[in-house]
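Letter by letter, the chains look like this.
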Amino acid sequence: AQRVTQPEKLLSVFKGAPVELKCNYSYSGSPELFWYVQYSRQRLQLLLRHISRESIKGFTADLNKGETSFHLKKPFAQEEDSAMYYCALSGGNNDMRFGAGTRLTVKP
Amino acid sequence: DTGVSQNPRHKITKRGQNVTFRCDPISEHNRLYWYRQTLGQGPEFLTYFQNEAQLEKSRLLSDRFSAERPKGSFSTLEIQRTEQGDSAMYLCASSLTGGITEAFFGQGTRLTVV
């Protein structure tokens, strides 16, 4: 069974501070991991995927298979980063499962 | 708007009534997913289709729930004999298959059972 855990429901940082949103997963095979973001009054949208090893809007995430983690990081948070962030895992059947989400608030 | 479209956006129904939601995916996407999201929770997987075939159903999907995708294009999700616990946002997403693909989400249908 595949499971995604986001231990923090709420995270609040000041503008310019580093931010890390935690994600741990459970999956017996080779997972595909994603971060989705939902800004206020907008639909869920993909932020980044582990396979691309990309940086989007200053965010990066590294898959750590030893720790079964895929934490999302940004060195300097901006107010516009305030949103709900969901970690998601896609298993062998490509059925995507989501964590409960972390609400990030970046204070001025 | 060529994205995923869901109708209606909002639905208020009395307990015991049946409701049906529609999802129109992005046209070339052959995978279609249904999720349910309640306040403070992430999207919970309900079911998904590969073309017209329903490949997996969550245990969350009781026998009051049924989903179809008759021609491999749009999909419907029906809830029979609605209960107050069915009140939630119902999300649809679609994606391509093969490789690592992004799921594109609709704006959801918010169901309120009174």
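See above for the structure.
Residues numbered from 1 in each chain as written. Chains lettered and ligands numbered in written order. Predicted model: local features only at pLDDT ≥ 70, side-chain atom pairs only at ≥ 80, totals over all residues. Heavy atoms only, no water.

Enquirer: Just to check I follow, could you spell out the sheet that holds strand S8 (residues 75-79) of chain B for this structure?
Expert: Sheet strands associate in pairs through backbone hydrogen bonding, adopting either a parallel or an antiparallel arrangement. All names here are of chain B. Pairing within the open sheet is antiparallel, and its four strands lie in the order S1-S3-S8-S7. At either end of the open sheet lies a strand with only one pairing partner, and these are strand S1 (5-7) and strand S7 (65-68). Strand-to-strand twist of the sheet, defined as the mean angle between neighbouring strand axes without regard to direction, takes the value 15°. Pairing analysis gives three bridges linking S1 to strand S3 (residues 19-24), with the strands arranged antiparallel. The partner of Ser5 across the bridge, within S3, is Asp24. (Pairing = 2+ DSSP bridges. Helix = DSSP H or I, 4+ residues; strand = E, 2+ residues; numbered from the N terminus. Axes fitted to C-alpha atoms, helices over the stretch in contact; angles between N-to-C directions.)

Enquirer: How do you make sense of the interface of chain B and chain A when you look at a structure like this?
Expert: Reports of interface size often rely on the accessible area that becomes lost once the parts have come together. On the side of chain A, 19 residues touch chain B, which itself brings 22 residues to the contact. Across the chain B-chain A interface, the total number found is two salt bridges. For B:Glu56, the salt bridge identified is with A:Arg97, shortest N-O distance 2.7 Å. At the boundary of chain B with chain A, the tally comes to eight residue pairs in polar contact (both at pLDDT 80 or more). (Contact = heavy atoms within 4.5 Å. Salt bridge = Lys/Arg side-chain N within 4 Å of Asp/Glu carboxyl O. Polar contact = N/O pair within 3.5 Å; in protein donor to acceptor, adjacent residues only side chain to side chain.)

Enquirer: Looking at this structure, I do not really get the state of the cysteines. What am I missing?
Expert: Chemically, a disulfide is nothing more than a covalent bond linking the sulfur atoms of two cysteines. The full count for this structure, using the stated rule, is two disulfides over all chains. Note on cysteine connectivity: A:Cys23 is disulfide-linked to A:Cys87, with sulfurs 2.0 Å apart. The sign of the -65° torsion about the S-S bond sets the A:Cys23-A:Cys87 disulfide as left-handed. Here A:Cys23, found in the loop between strand S3 (19-21) and strand S4 (24-26), pairs with A:Cys87, found in strand S9 (residues 83-90); they are 64 residues apart in sequence, far enough to count as distant. In this pair, the class of A:Cys23 matches that of A:Cys87, namely buried. Across the disulfide, B:Cys23 is cross-linked to B:Cys92 (sulfur-sulfur distance 1.8 Å). On the sign convention where negative is left-handed, the bridge of B:Cys23 and B:Cys92, at about -70° about the S-S bond, is left-handed. Linking B:Cys23 in strand S3 with B:Cys92 in strand S9 (residues 88-95), this pair joins segments that are 69 residues apart in sequence. (Disulfide = S-S within 2.5 Å. Buried < 20%, exposed > 50% of the residue type's maximum accessible area, 1.4 Å probe, protein only.)

On their own, these measurements won't tell you what the molecule is for.
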